[in-house]
Amino acid sequence: MSERLLEVKGLKAGYDAVRILHGIDLHVNRGEFVTIIGPNGCGKSTFIKAIFGLATHHEGEVNHDGEIVSGWRTDRLVNRGISYVPQRDNVFPGLSVIENLEMGGLKLSAEVLEFRVEEAFRMFPDLISRTNDLAASLSGGERQMLAISRALISKPSFLLLDEPTAALSPLYQQQIIQRIDNLRSEGITILLVEQNARLALKRSDRAYIFAGGKVVHTSEASKVLDDPEIGEYFLGGEYNH
Ligand SMILES: Nc1ncnc2c1ncn2[C@@H]1O[C@H](COP(=O)(O)OP(=O)(O)OP(=O)(O)O)[C@@H](O)[C@H]1O
Ligand SMILES: [Mg+2]
């Protein structure tokens, strides 16, 4: 079994003929927590979508767990143990918490689904008291917890998360990143896109910085935090200190 869970080589991708990503090289080792940062519109979400079968691959290769999966459909990728928490619209507001969780496991038997829901509640106990409440009534932080919980129902080994702390209070931001780190401790490999770079990088093993649809820097996360030039440009100003 190779150390690499995900290996992306020269990925050019976008939406139909529109190219957004111009040759991305990126890898994630088994058990790693890897964070992607970069300015608005640089293609972070498009990259995550491309890994999850939601963008158009033009050139290059995506290898997951020893097999080339470029262009595969999302349901096949889910069957391989990949799960995804989108940046936007990641819960069904008109459904209750439990119904949202059940939507994450439509193909599971009732028994397995019940077990998986219990597991999700174990990771996110804050949701237990909200079981029958509509997702629309949840706070922003609770919604993100629900979205992550739903992604766990398929029992992924590899979780893709797109800005799960966006628009949350600092307390919730910390809680969410802590929970994601807990998931990594449970053996789930993490690829995270994050605006709250400083918070995420403290917990990450490695980081990639995207700009203009390319990787402009990659190193250990601690080195990104310590590099004054990168720090000033990518972690200063609008970012949390
Ligand atoms: N469905 C789509 N069809 C065509 N272009 C799109 C589509 N979705 C996004 N884009 C374009 O792709 C580019 C990259 O967008 P993307 O959402 O990947 O950036 P991002 O780095 O995630 O930005 P943000 O930090 O704001 O979330 C943008 O120019 C955007 O307008
Ligand atoms: Mg995005």
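For clarity, every value in this text was computed on a predicted model and none was experimentally measured.

In this structure, what is going on with helix 4 (residues 110-123)? I would like to understand it.
In an α-helix, one turn spans 3.6 residues, which is why side chains three or four residues apart end up on the same side. Taking 1.5 Å per residue as the helical rise, helix 4 with its 14 residues ought to reach 20 Å, and the 20 Å between its terminal C-alpha atoms agrees with that figure. Taken as a whole, helix 4 has its buried residues at Leu-113, Arg-116, Val-117, Ala-120, Phe-121 and Met-123. For helix 4, the angular spread of buried residues about the axis comes to 155 degrees, placing them on one side. Along helix 4, exposed side chains directed more than 90 degrees from the buried face belong to Glu-111 and Glu-114. Buried residues along helix 4 sit in contact with helix 3 (97-103), helix 5 (140-152) and helix 6 (170-185).

Explain the sheet that holds strand 2 (residues 18-29) here, please?
Each strand in a sheet pairs with its neighbour through backbone hydrogen bonds, running either in the same direction (parallel) or in the opposite one (antiparallel). The strand order across the open sheet built from four strands is 2-1-4-5, with neighbouring strands paired in antiparallel fashion. Two strands in the sheet have a free side with no partner beyond their single neighbour: strand 2 and strand 5 (67-68). When strand 4 (residues 56-64) meets strand 5, the two strands line up antiparallel, connected through two bridges. Across the sheet, His-64 pairs through a bridge with Glu-67, a residue of strand 5.

Quick question: what am I supposed to make of the site of ligand 1 here?
Neighbouring ligand 1 are 13 residues, the closest being Gly-41, Lys-44, Ser-45, Thr-46 and Gln-87. Interatomic distance of 3.1 Å between a backbone N/O atom of Gly-43 and an oxygen atom of ligand 1. A distance of 2.7 Å separates an oxygen atom of ligand 1 from a polar atom in the side chain of Lys-44. When ligand 1 is considered free in solution it has 650 Å² of accessible area, and contact with the protein chains removes 61% of it. When its residues are assigned to classes, the shell around ligand 1 shows four nonpolar, seven polar and two charged.

I tried to follow the layout of surface pockets on my own but got confused; where do I start?
Gaps left between atoms are located by rolling a probe of water-molecule size over the structure's atoms. Of the voids in this model, the largest pocket is the one considered here, and its volume is about 620 Å³. Around the largest pocket sit 23 residues that line it, and Val-78, Met-103, Gly-104, Gly-105 and Ser-154 are the ones nearest its centre. Tallied by class, residues from the lining of the largest pocket come to 12 nonpolar, eight polar and three charged.

Help me understand the nonpolar core, please; the structure alone is not making it clear to me.
One broad rule of soluble globular proteins: the nonpolar side chains tend to lie buried together. Grouped together as the largest cluster of nonpolar side chains are 34 residues, with contacts concentrated most on Ile-148, Leu-159 and Ile-190. Among the elements of the structure, helix 3, helix 4, helix 5, strand 7 (158-162), helix 6, strand 8 (189-193) and helix 7 (197-203) are those that each provide at least two residues to this core. The greatest single-element share of this core, amounting to six residues, is contributed by helix 5. Excluding residues within four positions of it along the chain, Leu-159 makes contact with Ser-83, Tyr-84, Val-85, Ile-148, Ala-151, Leu-152, Leu-183, Ile-188, Thr-189, Ile-190 and Leu-191. Within the second largest apolar cluster, 30 residues are counted, among which are Leu-5, Leu-26, Val-28 and Cys-42.

Analysis parameters
- Residues numbered from 1 in each chain as written.
- Chains lettered and ligands numbered in written order.
- Predicted model: local features only at pLDDT ≥ 70, side-chain atom pairs only at ≥ 80, totals over all residues.
- Heavy atoms only, no water.
- Helix = DSSP H or I, 4+ residues; strand = E, 2+ residues; numbered from the N terminus.
- Expected span 1.5 Å × (residues − 1).
- Buried < 20%, exposed > 50% of the residue type's maximum accessible area, 1.4 Å probe, protein only.
- Arc of directions from axis to C-beta.
- Contact = heavy atoms within 4.5 Å.
- Pairing = 2+ DSSP bridges.
- Near = heavy atom within 4 Å.
- Polar contact = N/O pair within 3.5 Å; in protein donor to acceptor, adjacent residues only side chain to side chain.
- Areas by Shrake-Rupley, 256 points an atom, 1.4 Å probe, with all protein chains shown as cover.
- Nonpolar A, V, L, I, M, F, W, Y, C, P; charged D, E, K, R; others polar.
- 1 Å grid on protein atoms, 1.4 Å probe; cavity = no way out; pocket = protein on both sides within 12 Å on 5 of 7 lines; lining within 4 Å.
- Points joined across faces, edges and corners; volume = space filled by probe spheres on them.
- Core = buried A, V, L, I, M, F, W, Y, C linked by side-chain atoms within 4.5 Å.

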